[in-house]
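The lines below spell out each chain.
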Amino acid sequence: MEHPENSSEYAGLQVNSGVEQPSIVNPYLKHGRFRRRELSVGEMVEGILKGDVTILSQAVTLIESVNPDHQARAQEVINKCLPYSGNSIRIGISGVPGAGKSTSIDEFGMHVLKVKGGKLAVLAIDPSSERTKGSILGDKTRMEKLAQHPSSFIRPSPSAGSLGGVARKTRETIILCEAAGFDKIFVETVGVGQSETACHSMVDFFLLIQVAGTGDELQGIKRGIMEISDGIVINKCDGDNVDRCQMAATNFRNALHFFPMPDSGWSPRVLCYSGFYGTGVKEIFDMIYEYVDFVKANGYFDYRRNEQSKYWMYESINEHLRLNFYNNPQIKAQLSAAEQTVLAGQKTSFVAAQDLLDAYFAQLRK
């Protein structure tokens with residue numbers, strides 16, 4: 001169909017092509033113009049000791065990097081910050097998913113900052129997807145008050161499928177946070193499981209958050225997680241759930257009587273509170289600071305920290321040996337062939353593993 005503007009009666013009509021559209025890329029933007037200058041080890045340590053949270057965040061990112069050069073620089077930073085660490089109260093917080101850990105940490109943090117003052121660092125470990133290896137790192141969304149508080153520092157880290165590595169990095173991050181002047185540190189774990197043992201090996205007080213009315217109280221009083229807890233608190237004690245929480249607290253107290261006395265000499269207590277309404281939080285921190293005074297008086301506080309230092313020395317040895325084994329060029333070349341022999345049924349998994357280890361140690365002896 002012919003356009004009407006092309007008709008002869010519109011001979012005097014002129015249609016302009018319009019204004020030329022600019023490029024969506026800023027022509028004045030130079031590549032690398034806004035690239036952050038890489039800080040030296042000395043500048044990073046100086047910034048951390050001054051309490052600069054931006055530089056502290058960069059240092060933590062350096063610790064979490066798998067780049068060998070970054071790891072070497074991170075160890076230098078940690079070694080120089082080590083003399084300024086150790087002056088904090090470290091509290092591990094664990095519980096089943098949905099127990100209200102993040103919401104409780106928000107209330108706990110605001111309470112302790114209001115009552116005790118000082119600075120608080122929250123180190124949260126977010127479980128990563130086994131399929132995509134990604135994490136949403138969304139704990140800050142449930143810590144609205146702390147996220148805006150000028151005296152708090154919240155650092156979520158992905159587990160990335162390596163629980164031991166994350167635990168080691170969290171341990172090193174604690175050193176940097178203490179050097180930056182944070183005198184209270186919360187470590188939130190992934191959830192109930194193996195991570196609790198790693199968390200217990202880096203904190204002074206291990207707090208277990210439970211919920212009532214889930215249908216099976218027996219699951220909550222099994223050994224293992226209960227034995228390493230210094231205090232047990234039952235969340236969501238509000239509204240119609242108060243009686244169930246009190247009943248669950250009674251069950252936990254009865255169960256604790258069957259466990260041997262901890263090495264600290266402290267009998268774990270069971271309290272109820274509401275993280276949503278903030279009720280009962282004062283009693284929890286009265287218990288925590290009473291525990292700290294108790295173990296400092298009988299010498300267990302220093303003993304536990306010394307044992308933790310030894311534990312992490314051996315953990316570091318184990319991790320370095322594992323990384324060295326898998327990064328060995330000869331082992332890398334033989335791993336695929338070893339896998340095929342196992343899949344073909346020519347060797348058992350144990351024999352194939354022993355052959356790889358023998359080849360690795362033979363190479364070391366050369």
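What you see is a predicted model, and the numbers here were worked out from it, not measured in a lab.

Chemist: What is the right way to read the overall build of the protein from this model?
Modeler: A tally of regular secondary structure across the protein gives 12 helices and seven strands. Within the protein, buried positions represent 42% of all 366 residues. For the protein, the computed accessible surface area is about 21,300 Å², with 54% contributed by carbon and sulfur atoms.

Chemist: Please clarify how the layout of surface pockets should be interpreted in this entry.
Modeler: Leftover empty space is mapped by rolling, across the atoms, a probe with the size of a water molecule. By volume, the second largest pocket amounts to about 650 Å³. Elements represented by at least two residues in the lining of the second largest pocket include exactly α7 (195–200), α8 (242–256) and α10 (300–326). In terms of residue count, α10 provides more of the lining of the second largest pocket than any other element does, six residues in total. In terms of residue class, the lining of the second largest pocket is made up of 11 nonpolar, eight polar and six charged.

Chemist: It is not clear to me how the nonpolar core should be interpreted in this structure. Could you clarify?
Modeler: Most often, soluble globular proteins keep nonpolar side chains buried together rather than apart. Within the largest apolar cluster, 48 residues are counted, with the highest numbers of intra-cluster contacts made by Ile48, Leu176, Met226 and Ile234. Excluding anything up to four places from it in sequence, Leu176 contacts Ile48, Leu56, Ala59, Val60, Ile63, Val77, Ile78 and Cys81. Counting 32 residues, the second largest nonpolar core, distinct from the first, contains Ile89, Val112, Leu146 and Tyr273.

Chemist: When you look at the pattern of salt bridges in this model, what are you seeing that I'm missing?
Modeler: Pairs can form between side chains of opposite charge whenever their charged atoms are close. All chains considered together, the criterion is met by 12 salt bridges. Between Arg90 and Glu178 there is a salt bridge, with the nearest N and O atoms lying 2.8 Å from each other. Of this pair, Arg90 sits in strand β1 (residues 89–95) while Glu178 sits in helix α6 (residues 163–179), placing them 88 residues apart in sequence. By the burial criterion, Arg90 is buried, and Glu178 matches it. The salt bridge partner of Glu307 is Lys310, with a shortest N-O separation of 3.1 Å.

Chemist: Would you mind going over the packing of aromatic side chains with me for this structure?
Modeler: Here the distance between the centres and the angle between the planes together describe a pair of aromatic rings. Following the criterion strictly, the structure yields 13 aromatic pairs and no others. The interplanar angle of 85° and the centroid separation of 4.9 Å between the aromatic rings of Phe276 and Tyr277 together place this pair among those described as edge-to-face. Residues Tyr360 and Phe361 carry aromatic rings whose centres are separated by 5.5 Å and whose planes lie at 65° to one another, so their mutual orientation is edge-to-face. Taking the relative accessible area as the measure of exposure, Phe361 reaches 41% and is therefore partly exposed. Joined through ring pairs, the aromatic side chains of Phe108, Phe186, Tyr273 and Phe285 make up one cluster. The ring of Phe182 has Lys119 lying over it, and the distance from NZ or CZ to the ring centre is 4.4 Å.

Chemist: How do you make sense of helix α1 (residues 41–49) when you look at a structure like this?
Modeler: One turn of an α-helix holds 3.6 residues; hence residues three or four places apart share an orientation. Taken residue by residue, α1 has Val41, Met44, Val45, Gly47 and Ile48 as its buried positions. Burial along α1 is one-sided: seen end-on, the buried residues are contained in an arc of 165°. Positive phi shows up at Gly51, right after α1, with a value of about 85°.

Chemist: Explain helix α11 (residues 329–343) to me, please; I cannot follow it from the model alone.
Modeler: With 15 residues, α11 ought to run about 21 Å at 1.5 Å a step, and its terminal C-alpha atoms sit 22 Å apart, in line with that. Along α11, the helix axis deviates most sharply at Leu335, where the bend reaches about 30°. Turning to α11, its buried residues number three or more, namely Ile331, Ala338 and Thr341. Taken together, the buried residues of α11 touch α10 and α12 (349–365). One side-chain oxygen of the residue at the start of α11 lies 2.9 Å from the amide nitrogen of Gln330, identifying that residue as Asn328. Immediately downstream of α11, the backbone of Gly345 shows phi near 80°, a positive value.

Chemist: Any chance you could explain the pairing of strand β6 (residues 231–235) here in plain terms?
Modeler: A regular strand places its side chains so that they alternate between the two faces of the sheet. Counting buried residues in β6 gives five out of five residues, a clear majority hidden from the surface. Going residue by residue along β6, you find Gly231, Val233 and Asn235 tucked away on one face and Ile232 and Ile234 tucked away on the opposite face as well. The sheet contact formed by strand β5 (residues 205–211) and β6 spans five bridges and is parallel. When the sheet's bridge partners are listed, Ile209 is paired in β6 with Val233. Here β6 runs beside strand β7 (residues 269–272); their pairing, made up of four bridges, is parallel. Directly across from Ile232, in β7, lies its bridge partner Val270. A crossover connection joins β6 to the parallel β7 through α8; in handedness this β-α-β unit is right-handed.

What counts, and where the lines are drawn
Residues numbered from 1 in each chain as written. Predicted model: local features only at pLDDT ≥ 70, side-chain atom pairs only at ≥ 80, totals over all residues. Heavy atoms only, no water. Helix = DSSP H or I, 4+ residues; strand = E, 2+ residues; numbered from the N terminus. Buried < 20%, exposed > 50% of the residue type's maximum accessible area, 1.4 Å probe, protein only. Areas by Shrake-Rupley, 256 points an atom, 1.4 Å probe, with all protein chains shown as cover. 1 Å grid on protein atoms, 1.4 Å probe; cavity = no way out; pocket = protein on both sides within 12 Å on 5 of 7 lines; lining within 4 Å. Points joined across faces, edges and corners; volume = space filled by probe spheres on them. Nonpolar A, V, L, I, M, F, W, Y, C, P; charged D, E, K, R; others polar. Core = buried A, V, L, I, M, F, W, Y, C linked by side-chain atoms within 4.5 Å. Contact = heavy atoms within 4.5 Å. Salt bridge = Lys/Arg side-chain N within 4 Å of Asp/Glu carboxyl O. Phe/Tyr/Trp six-rings, centres within 6.5 Å; stacked < 30°, edge-to-face > 60°. Lys NZ or Arg CZ within 6 Å of the ring centre and 35° of its normal. Arc of directions from axis to C-beta. Expected span 1.5 Å × (residues − 1). Bend = angle between axes of the 7 residues up to and from the residue. Polar contact = N/O pair within 3.5 Å; in protein donor to acceptor, adjacent residues only side chain to side chain. Pairing = 2+ DSSP bridges. Right-handed = clockwise from strand over helix to strand, strands pointing away.

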